[in-house]
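Report on the structure
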Amino acid sequence: MNYIQADEGSRVAILIDCDNVPPEILEYALLISAQFGRATIRRGYGNQRTLADRWRDVLVSSAFSPCLQYQYASGKNTADLALALDALEALFDERADVFCLVTSDSDFAYLCRKLRERGSMVYIIGEPKTPSALRNASDQFFEWIREDGTATPVGEAGSEDAKQKAADIRGISNNKTKPQQRPISVVKAVTLLASESVDDKVHLGQLGQYLKRTDPAFSPKTYGYTGLLEMLKTYDLLAVHKESSGGWSVSVVNAKH
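Residues numbered from 1 in each chain as written. Predicted model: local features only at pLDDT ≥ 70, side-chain atom pairs only at ≥ 80, totals over all residues. Heavy atoms only, no water.

1. A few points about the packing of helix α8 (residues 184-195) against helix α9 (residues 204-214)
The test is simple: Lines fitted to C-alpha atoms define the axes here, with helix axes fitted over just the stretch in contact, and angles between the N-to-C directions of these axes take values from 0 to 180 degrees. Each helix is a run of H or I in the DSSP string that is no shorter than four residues. Each strand is a run of E no shorter than two, and both are numbered from the N terminus. Reported orientations rely on four angle classes, namely roughly parallel under 35 degrees, roughly antiparallel over 145, roughly perpendicular from 65 to 115, and oblique for the rest. Here is the rule for handedness: rotate from the far helix to the near one, and if that takes an anticlockwise turn smaller than a right angle the crossing is left-handed, while a clockwise turn gives right-handed. The contact rule is simple, with two residues in contact once any of their heavy atoms fall within 4.5 Å. Any residue that is not Ala, Val, Leu, Ile, Met, Phe, Trp, Tyr, Cys, Pro, Asp, Glu, Lys or Arg is counted as polar, Gly included; the first ten are nonpolar and the last four charged.
Close contact between α8 and α9 brings their axes to 10 Å; oriented N to C, the two are set at 120 degrees. In terms of their interaxial angle, α8 and α9 are classed as oblique. Crossing of α8 against α9: the hand is right-handed. Packed against α8, whose contacting residues are A189, V190, L192 and L193, the element α9 presents Q206, L207, Y210 and L211 at the interface. Residues belonging to the contact of α8 with α9 are distributed by class as follows: 7 nonpolar, 1 polar and no charged.

2. Concerning the pairing of strand β4 (residues 98-102)
The line we're drawing: Buried means the residue's accessible area, taken with a 1.4 Å probe over protein chains only, is under 20% of the maximum for its type, while exposed means over 50%, and partly exposed covers the values in between. A pair of strands is considered paired only if DSSP assigns at least 2 bridges between the two. Looking down the strands as they point away from the viewer, one classifies a crossover as right-handed if the path from the first strand across the helix to the second runs clockwise.
Most of β4 sits out of view: 5 of its 5 residues are buried. The side-chain alternation of β4 yields two buried faces, one formed by V98, C100 and V102 and the other by F99 and L101. In terms of strand pairing, strand β1 (residues 11-17) meets β4 through 5 bridges, oriented parallel. Bridge assignment links I16 to a residue of β4, and that residue is V102. The pairing of β4 with strand β5 (residues 121-126) spans 5 bridges and is parallel. Bridge pairing in β5 links V102 to I125. For the crossover that starts at β4, traverses helix α5 (residues 109-117) and ends in the parallel β5, the hand is right-handed.

Here it is in structure tokens:
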């Protein structure tokens with residue numbers, strides 16, 4: 001997967017919605033967030049039952065600050081509000097440049113949009129059940145699957161996709177060949193970007209970033225490929241080119257270049 005890289009000196013806030021996700025997700029969240037900079041804020045939010053039961057030992061051993069929020073009325077999730085307010089406070093106090101929200105709750109979509117409007121990078125780490133409204137509100141979405149593949153995917157991801165993604169995370173294969181697909185959106189992206197260049201070509205890095213911006217959950221592995229280059233080579237409408245610099249570019253067949 002081609003990740004969107006932040007500056008190595010970036011300050012990262014990792015904020016976990018403990019009422020919404022299981023403790024097992026934390027290890028994956030730390031691996032993902034480490035690539036974006038230094039984790040200066042580590043907090044887990046939840047009610048008394050959640051933090052005293054499933055999350056207590058995990059948060060303490062990983063040096064997270066538990067943020068206990070009592071429920072003043074039945075059905076009211078005060079932990080969500082506390083997480084959102086702390087994120088905005090960290091933004092305005094300039095204590096974080098990058099926000100990694102660990103949740104599958106679409107209620108945080110508006111928070112993501114506000115953080116991005118202010119110039120912050122926002123990454124979501126969630127389960128397959130994460131609604132598209134939250135996925136698309138982030139700069140990039142990272143899907144976590146239980147190692148045993150028992151999580152029930154919701155939406156576009158099927159159970160076989162979920163198990164394969166879990167295997168990809170652990171670096172193993174489930175020995176099943178995933179059918180390769182060629183979404184037309186890739187051709188449209190190349191056509192648009194190449195038309196704005198002087199040589200009718202677009203570099204793979206630029207294309208990959210564009211595809212991520214239009215679909216934060218985009219990954220060639222979702223369509224049965226190990227990487228973007230392998231994927232592009234299967235298109236009859238596209239031609240890939242090895243540049244003298246060693247990199248790769250792609251153009252639309254029959255376009256001038």
